[in-house]
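Here is how the chains run, residue by residue.
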Amino acid sequence: MFRFRLYWTFTKKAFLRSAVYRFDVWSRLGSNLIFLLMWGSIWTALYAGREEAGGVSFESMLTYIVVSQFLTGVNGAGTPLWEIQEKVRTGDISLELMRPFDVPLRYLFADFGSVAFYILTALLPLYTVMFIFMDLTLPSGWETWALFIVSAL
């Protein structure tokens, strides 16, 4: 039987643990800005004097940069692999395996909390401002949105 309440506790604890490290939030926000500026500068130089390249407009390329950096940030916000490796190396994983819960589900739900905190504090504010103030191309059809969501998962 799936004990949702137990795993929800892991999600809340990971969210609160992430909230303790405020410098991490600022450093991730800063690194996001640096990468966005870097990729934006590269593609601005490549599109210099052109309206489109290979059938892709500059606005579409900017949208691609913003969305791909957002997804990269979400992907990198979970439990670092070294944390699990260290538990295996030290033998602490045996204590995890003896506890009355499924260890992979525990890490999955803890990742949900870490990722949720990172999205709410570092990604969402930055990318909301970018979509408001930049001329980014958004898909107009619901089919494109559905395919994007499926492919992002």
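Structural notes, computed from the coordinates.

Quick notes on the rules
- Residues numbered from 1 in each chain as written.
- Predicted model: local features only at pLDDT ≥ 70, side-chain atom pairs only at ≥ 80, totals over all residues.
- Heavy atoms only, no water.
- Axes fitted to C-alpha atoms, helices over the stretch in contact; angles between N-to-C directions.
- Helix = DSSP H or I, 4+ residues; strand = E, 2+ residues; numbered from the N terminus.
- Parallel < 35°, antiparallel > 145°, perpendicular 65-115°, else oblique.
- Left-handed = near helix turned anticlockwise from the far one by under 90°.
- Contact = heavy atoms within 4.5 Å.
- Nonpolar A, V, L, I, M, F, W, Y, C, P; charged D, E, K, R; others polar.
- Expected span 1.5 Å × (residues − 1).
- Buried < 20%, exposed > 50% of the residue type's maximum accessible area, 1.4 Å probe, protein only.
- Salt bridge = Lys/Arg side-chain N within 4 Å of Asp/Glu carboxyl O.

**Considering the packing of helix α1 (residues 4–20) against helix α6 (residues 103–133)**
Axes are the key here: two packed helices are described by the angle between their axes and the distance separating the axes.
Inference 1: α6 packs onto α1 with a crossing angle of 40 degrees between their chain directions and a minimal axis gap of 7 Å. Compared by their axis directions, α1 and α6 come out oblique. As α1 packs across α6, the resulting crossing turns out to be right-handed. For the pair α1 and α6, the contacting residues are Phe 4, Tyr 7, Phe 10, Thr 11, Ala 14, Phe 15, Ser 18 and Ala 19 in the first and Leu 105, Arg 106, Phe 109, Ala 110, Phe 112, Gly 113, Ser 114, Ala 116, Phe 117 and Leu 120 in the second.
Inference 2: Grouping the amino acids of the contact of α1 with α6 by side-chain chemistry returns 13 nonpolar, four polar and one charged.

**Section: the packing of helix α3 (residues 58–75) against α6**
Inference 1: The contact between α3 and α6 brings their axes to 10 Å, and the two run at 170 degrees. What the angle tells us is that α3 and α6 run roughly antiparallel. On α6, the residues touching Val 66, Val 67, Gln 69, Phe 70, Gly 73 and Val 74 of α3 are Val 115, Tyr 118, Ile 119, Leu 123, Tyr 127, Met 130 and Phe 131.
Inference 2: Broken down by class, the residue content of the contact of α3 with α6 amounts to eleven nonpolar, two polar and no charged.

**Notes on α3**
Inference 1: Between its first and last C-alpha atoms α3 spans 25 Å; for 18 residues at 1.5 Å apiece the expected length is 26 Å, and the two agree.
Inference 2: Along α3, the residues that are buried comprise Met 61, Leu 62, Thr 63, Ile 65, Val 66, Gln 69 and Gly 73.
Inference 3: Tucked into the core, α3 has its buried residues touching α2 (22–46), β2 (56–57) and α6.

**Some remarks on the pattern of salt bridges**
Inference 1: Under the defined criterion, the tally for this structure stands at five salt bridges.
Inference 2: Lys 87 is the salt-bridge partner of Glu 96, the closest N and O atoms lying 2.9 Å from each other.
Inference 3: Overall, Glu 96 belongs to the buried group, its relative accessible area being 4%.
Inference 4: Each of Lys 87, Glu 96, Arg 99 and Arg 106 takes part in a single network of salt bridges with overlapping partners.

**Looking at the environment of Arg 17**
Inference 1: Inspection of the secondary structure assignment puts Arg 17 in helix α1.
Inference 2: For Arg 17, a relative accessible area of 43% puts it in the partly exposed group.
Inference 3: Through-space distance from the C-alpha of Arg 17 to that of Gly 113 is 9.0 Å; in sequence the pair is 96 residues apart.

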